[in-house]
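Letter by letter, the chains look like this.
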Amino acid sequence: MDSSDPLKSYREKFYIPKDKNGKDVIYFGGNSLGLQSKSVRSYVEQELLDWEKIALAGHTEAKNPWLPYHEFLTDQTARLVGAKPEEVVNMNSLTTNLHLMFVSFYRPAKERHKILIEASAFPSDHYAVQSQIRFHGFDVEDSLIEMKPREGEDTIRTEDIEAMIEKEGDSIALIWFAGVNYYTGQAFEFDRITKAGHKKGCVVGFDLAHATGNLEMKLHEWNVDFAVWCNYKYMNAGPGAIGGAYVHEKYLNDQSLPKFLGWWGHDKATRFLMDHKYIPIPTVESWQLSNPPILQLSSLKASLDIFDEAGMKALREKSEKLTAYLEFLINENKTEKIKIITPSNKNERGCQLSLRIKSNGKDLYNKLMKSGVVCDWREPDVIRVAPVPLYNTFEDVYNFSQLLNTHNV
Ligand SMILES: *Cc1c(COP(=O)(O)O)cnc(C)c1O
């Protein structure tokens, strides 16, 4: 499989961390922090160099002028998430973007004030959503619906989400789901959830932290209202990388939407006239507040160049095989001790498998880490592993399953 892999050369484009014997680790942590590409240094250094040599003039005369730098990433970002170029922008960080988007898209009213969220959403999303509800003068108890799987099940059925929306939809202002749940690895059916929400007049947004660079998406076609993501997980843009945001075209010229404003959302032609009358850029860029961090944009540009060259379609094809192979080998082991809680349907998952360990899971995790595996432990009983199509191999998957066997006795 590795020798016939059309993407096999991509592993060479990344630094693979080494274990204490100098051997490549089995890096299955790309869902938390993607690896460093060998090219990123030259992208960042180019900007350091222009800053060193020409400083202020770099805004217009750097090799990649800083004033429009974020625009150099727009088309690739649009292809990455299946959107139109005017619908995407890279700015801020995920939770910050979440709040900025909620300013526009969570507008609770007396009869329609609720947010529908997964009970097992990422903590930052829960904190953000609770604070938004309170900010608008509502009670979390009355205004938050937390969706759980059925008794005895680990993931949420789409038909149950649809039924919940059908039942509660008239009081729901906003449906806020992950693209892929960080804990279970479940990928949600964007189009069905969006359709069900719109039918009841709800706004539908997605947190794509674990979906961007992992799934093939069609945000525009699916009619998703808005989305935000980070770029340090599957996107490999480095720790704390700049985040991304998407807003559907239909909102881009809606001046009735409340929005927090800053000068980077103002019309580019008149930005430097420095007057006080705000003219919005007619794209999602009007949600920008500040001039963006160029060093961060440059490391994301390095990553986008790689993703664009490999293509999400090819990456996803390999990813489905890698993850299916991992699932196959774990199931072959026939151990009672491990249960894969991630859906086995390939359309309901991305790279990641979440392994529920029946007992002493932390021990098993520690042994794996000591044997040169990088994965992570999530309380109370889950080991998350994510083979990533850009730099992981079928051999990585095989070796991991052997280690799992050895340590799981
Ligand atoms: C990783 C992750 C975050 C992290 O938020 P930051 O603002 O980037 O620190 C938030 N939400 C989800 C669902 C995540 O997976």
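Look up: the structure comes first, before these words.
Please read all numbers here as calculations on a predicted model, not as lab measurements.

## Here we look at the overall build of the protein chain
Along the backbone of the protein chain there are 12 helices and 13 strands. The C-alpha atoms of the protein chain give a radius of gyration of 22 Å, which matches the 22 Å a tight globule of 409 residues would have. Taken along its principal axes, the extent of the C-alpha atoms in the protein chain is 70 × 60 × 30 Å. Considering the protein chain as a whole, with its 409 residues, one finds that 55% of them fall into the buried category. Sequence-distant contacts, at least 24 apart, represent 69% of the contacts inside the protein chain between residues at least 6 apart.

## As for the site of the ligand
The environment of the ligand is made up of L94, T95, F122, D125, D207, A209, H210, Y232 and K233. Taking D125, its side chain carries an N or O atom lying 2.8 Å from a nitrogen atom of the ligand. Separating an oxygen atom of the ligand from a side-chain N or O atom of H210 is a distance of 3.3 Å. About the coverage of the ligand: the protein hides 84% of its 390 Å² of free accessible area. Taken together, the residues of the shell around the ligand sort by class into four nonpolar, two polar and three charged.

## Examining the environment of I294
Structurally, I294 can be placed in helix α9 (residues 294-310). For I294 and S171, which are 123 residues apart along the polypeptide, the C-alpha to C-alpha distance reads 42 Å. Setting aside residues up to four positions removed in sequence, I294 forms contacts with E47, W66 and Y69.

## Observations regarding the packing of helix α11 (residues 361-370) against helix α12 (residues 394-407)
The N-to-C vectors of α11 and α12 enclose an angle of 130°; their axes lie 10 Å apart at closest approach. In terms of orientation, α11 and α12 fall into the oblique class. The element α11 and its partner α12 pack so that their crossing is right-handed. Between α11 and α12, the residues in contact are L364, K367 and L368 and F400, L403, L404 and H407, respectively.

## Regarding the pairing of strand β3 (residues 114-118)
Summarising burial for β3: five of the five residues are buried, a large majority. Along β3, one buried face is formed by K114, L116 and E118 and the opposite face, lined by I115 and I117, is buried too. Where β3 and strand β5 (residues 172-178) come together, four bridges link them in parallel fashion. The partner of K114 across the bridge, within β5, is I172. Pairing between β3 and strand β4 (residues 144-147): four bridges, direction parallel. Bridge pairing links I115 to L144 in β4.

## Side note on the sheet that holds strand β7 (residues 226-229)
Here we have seven strands laid out as an open sheet, ordered β2-β8-β7-β6-β5-β3-β4, and mixed in their pairing. What marks the edges here is a single partner per strand, and that holds for β2 (88-90) and β4. Strand-to-strand twist across the sheet, computed as the mean angle between neighbouring axes with direction ignored, equals 15°. Bridge count between β5 and strand β6 (residues 203-207): five bridges; the pairing is parallel. Across the sheet, the residue bridging to A178 is D207, located in β6. Across the sheet, helix α4 (residues 94-105) touches β3, β5, β6, β7 and β8 (244-247), and the angle it forms with β7 is around 165°.

## Structural notes on α12
Between the first and last C-alpha of α12 there are 20 Å, a value that for 14 residues agrees with the 20 Å anticipated at 1.5 Å per step. For α12, every residue scored as buried is listed here: F394, D396, V397, F400, S401, L403, L404 and H407.

## Some words on the side chain of T155
Structurally, the position occupied by T155 is in the loop between β4 and α7 (158-168). By relative accessible area, T155 is classed as buried at 16%.

## Examining the packing of aromatic side chains
Going through the model one piece at a time under the given rule, you end up with 20 aromatic pairs. Each ring, one from Y182 and one from Y183, has its centre 6.0 Å from the other, and the planes form 70°; the classification is edge-to-face. Neither Y182 nor Y183 differs from the other in exposure class; each is buried. Grouping aromatic residues by their ring pairs yields a cluster made of F102, F105, Y106, W176, F226, Y251 and W287. The residue whose ring lies beneath K233 is F122, and the NZ or CZ to ring-centre distance is 5.2 Å.

## Some points on the side chain of S299
Among the secondary structure elements, S299 is positioned in helix α9. A residue is classified by how much of its surface remains accessible, and S299, at 6% relative accessible area, is buried. Residues contacting S299, with those up to four places away along its chain left out, are V40, V44 and A237.

Cut-offs applied
- Residues numbered from 1 in each chain as written.
- Predicted model: local features only at pLDDT ≥ 70, side-chain atom pairs only at ≥ 80, totals over all residues.
- Heavy atoms only, no water.
- Helix = DSSP H or I, 4+ residues; strand = E, 2+ residues; numbered from the N terminus.
- Rg over C-alpha atoms; globule rule 2.2 N^0.38 Å.
- Buried < 20%, exposed > 50% of the residue type's maximum accessible area, 1.4 Å probe, protein only.
- Contact = heavy atoms within 4.5 Å.
- Near = heavy atom within 4 Å.
- Polar contact = N/O pair within 3.5 Å; in protein donor to acceptor, adjacent residues only side chain to side chain.
- Areas by Shrake-Rupley, 256 points an atom, 1.4 Å probe, with all protein chains shown as cover.
- Nonpolar A, V, L, I, M, F, W, Y, C, P; charged D, E, K, R; others polar.
- Axes fitted to C-alpha atoms, helices over the stretch in contact; angles between N-to-C directions.
- Parallel < 35°, antiparallel > 145°, perpendicular 65-115°, else oblique.
- Left-handed = near helix turned anticlockwise from the far one by under 90°.
- Pairing = 2+ DSSP bridges.
- Expected span 1.5 Å × (residues − 1).
- Phe/Tyr/Trp six-rings, centres within 6.5 Å; stacked < 30°, edge-to-face > 60°.
- Lys NZ or Arg CZ within 6 Å of the ring centre and 35° of its normal.

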